[in-house]
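# Examination of the molecular architecture
Here are the chains, one letter per residue:
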Amino acid sequence: MTTVLGCIADDFTGATDLAGLLARSGVNVRLRIGVPTEPPSDTAPFEVIALKSRTSPVDEAVAQTRAALAWLQAAGAQRFFWKYCSTFDSTADGNIGPVAEALMADLNTTQTIYCPAFPENGRSIFMGNLFVGEQPLAESPMRDHPLTPMRDSNLMRLLEPQVTAPVGLANRLTVASGVSALQDHLKTLASDGVAHVVVDAVANEDLYTIAKACRDMPLMTGGSAVAMPLPDLYVKDGTLSADAKGPTTPDLAKTAVILSGSCSAMTRKQVATYLTNAPGYRLDPLVLASDGPEGALAWLAKQDLQAAPLFYATAEPDAVRAAQEQLGVGQAGEVVEAALAKIALAARDQGARRFVVAGGETSGAVTQALGTDRLDISAEIAPGVPWTFCNSGGHDIALTLKSGNFGAPDFFVTALKKLESL
């Protein structure tokens, strides 16, 4: 089947977030882990390619994304979506802006939008400023993110150092005036040479206005939520038929493991909540750096996987900084990712068939270790967090990849219960 919309995400949790929201429409969505090495075949109307490029060097991120674009073009896609985090995780060097400009160049388009809003998860943009709940981004827990600390809430100021062309704004008043008003404003900005347009959104109705106004752009960029209306819009205008069926739920043993590398405020709550009634093993980066994951693997071997044990490196910001000071930021993260990847493989070989993973970098490491290159998207557990089904080492497994701040405090329990109802 010809692909209608080709999507590229800069991390694995972001890719499942996007795929889950697109799948709400009932249209078939397929997620690829990394750029496929084979030419497109058996493609879905909506194809999502998950990269692990959010914190990669800019040149690497651009090269990976351009390769993903080329594959999606070969699959027949003529419209594209570049997905990044709803908290605009980035640095002054990139990677959001440089990747967007590379995609624009390859698509020969002179303007795109930036809208990381996700109102269902408390992400809104007003007058160009990003809010997490009622807090400006720079006052939220994201200011202490270990890899991409966000110390400015203004998306235009964040974006300007990353791009070469002018940056502008379509504010909430324009969006509230409707589709035609937004389209006219974008045309005016384009005539003034403004290539990169931050678009305000504070509610779901804003997202529908933006999606309807921009659906024919060769490239849209943002968080997953602004892409959510696109399937229904494509069905209504005849671009897409809505006769695809969702994936079949495999018969899986009730054996599970939970792997958490995220140190976000919400994941810290989720870990604490889960540990009140379940077994857990804390992964200390300093211990991992000196002794490796053998202690964790020995503990795993003694566990009943029906009880869904939790392995977590989740810690308070002060503890994260202390480890980074001793090991370096990169090494502190790498030892945790490597350990969780080995634990995931050992758990699979020990019989685990249900995997709950928290954190973008962790999800990338675990998914790559499990050796799966394609995920079929199933029902959402929480907004932007679906269950997916795939094959690993000859075994059918269920896998959910949770972005750090998504979900309620009881997410881990809710995830396992949701799988029972599918």
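Description of the structure in this document. Per chain, the residues get numbers from 1 upward, laid out in the order the sequence is written. The model is predicted, so local features are restricted to residues of pLDDT at least 70 and side-chain atom pairs to those at 80 or more, both for listing and for counting; the totals for chains, interfaces and linings are taken over all residues. Here the side-chain values reflect all heavy atoms present in the structure, with hydrogen atoms and water set aside.

### Observations concerning unusual backbone geometry
What is expected of a backbone is that most residues other than glycine have negative phi and most peptide bonds are trans. Cis geometry is adopted by the peptide bond preceding Asn95, which originates at Gly94 and carries an omega value of 20°. Within the secondary structure, Asn95 is located in the loop between β4 (79–83) and α3 (96–107). Located in the positive-phi region is Asp42, a residue other than glycine, with phi close to 50°. Among the secondary structure elements, Asp42 is positioned in the loop between β2 (29–33) and β3 (46–50). Taking relative accessible area as the criterion, Asp42 reaches 51% and is therefore assigned exposed. Secondary structure elements are taken from DSSP: a helix is a run of H or I of four residues or more, a strand is a run of E of two residues or more, and numbering for both begins at the N terminus. Remark: exposure states derive from per-residue accessible area (1.4 Å probe, protein chains only) relative to the maximum for the residue type, with buried under 20%, exposed over 50%, and partly exposed in between.

### With respect to the sheet that holds strand β8 (residues 135–136)
DSSP-based pairing: two strands are paired if at least 2 bridges between them are found. The sheet built from three strands is open, its strands ordered β6-β7-β8 with antiparallel pairing. Two strands in the sheet have a free side with no partner beyond their single neighbour: β6 (123–126) and β8. In this sheet, β8 lies alongside strand β7 (residues 129–132) in antiparallel orientation, the contact comprising two bridges. Within β8, the residue paired with Val132 across the bridge is Gln135.

### A short note on helix α1 (residues 12–23)
Residue count minus one, scaled by 1.5 Å, sets the expected span of a helix. Taking 1.5 Å of rise per residue, the 12 residues of α1 would be expected to cover 16 Å, and the 16 Å separating its terminal C-alpha atoms lies within 8% of that figure. When you tally the buried positions in α1, you get 12 out of 12 residues, the bulk of the element. Along α1, the residues classified as buried are Phe12, Thr13, Gly14, Ala15, Thr16, Asp17, Leu18, Ala19, Gly20, Leu21, Leu22 and Ala23.

### Section: the environment of Ala352
Along the chain, the position of Ala352 falls in the loop between α13 (329–349) and β15 (354–358). In sequence terms Ala352 and Asn108 are 244 residues apart; their C-alpha atoms lie 47 Å from each other. The contact rule is simple, with two residues in contact once any of their heavy atoms fall within 4.5 Å. Once residues within four sequence positions are removed from consideration, Ala352 is found in contact with Thr255, Val257, Leu305 and Ala347.

### With respect to the pattern of salt bridges
If the charged atoms of two oppositely charged side chains come close together, the side chains can form a pair. Should a side-chain nitrogen of Lys or Arg be within 4 Å of a carboxyl oxygen of Asp or Glu, the pair is scored as a salt bridge. As enumerated under the stated definition, the model contains 25 salt bridges in all. Across the pair Arg24 and Glu380 runs a salt bridge whose closest N-O atoms are separated by 2.5 Å. One end of the pair, Arg24, is in the loop between α1 and β2; the other, Glu380, is in strand β16 (residues 374–382), and 356 residues separate them in sequence. Judged by its relative accessible area of 18%, Glu380 is buried. Between Asp237 and Arg215 there is a salt bridge whose closest N-O contact spans 3.5 Å. One end of the pair, Asp237, is in the loop between α8 (230–236) and β12 (256–260); the other, Arg215, is in the loop between α7 (204–214) and β11 (219–222), and 22 residues separate them in sequence. Residue classification places Arg215 among the buried positions, given a relative accessible area of 19%. A single salt-bridge network, built from bridges that share partners, covers Asp10, Asp11, Arg54 and Asp89.

These results come straight from atomic positions and should not be treated as a statement about function.
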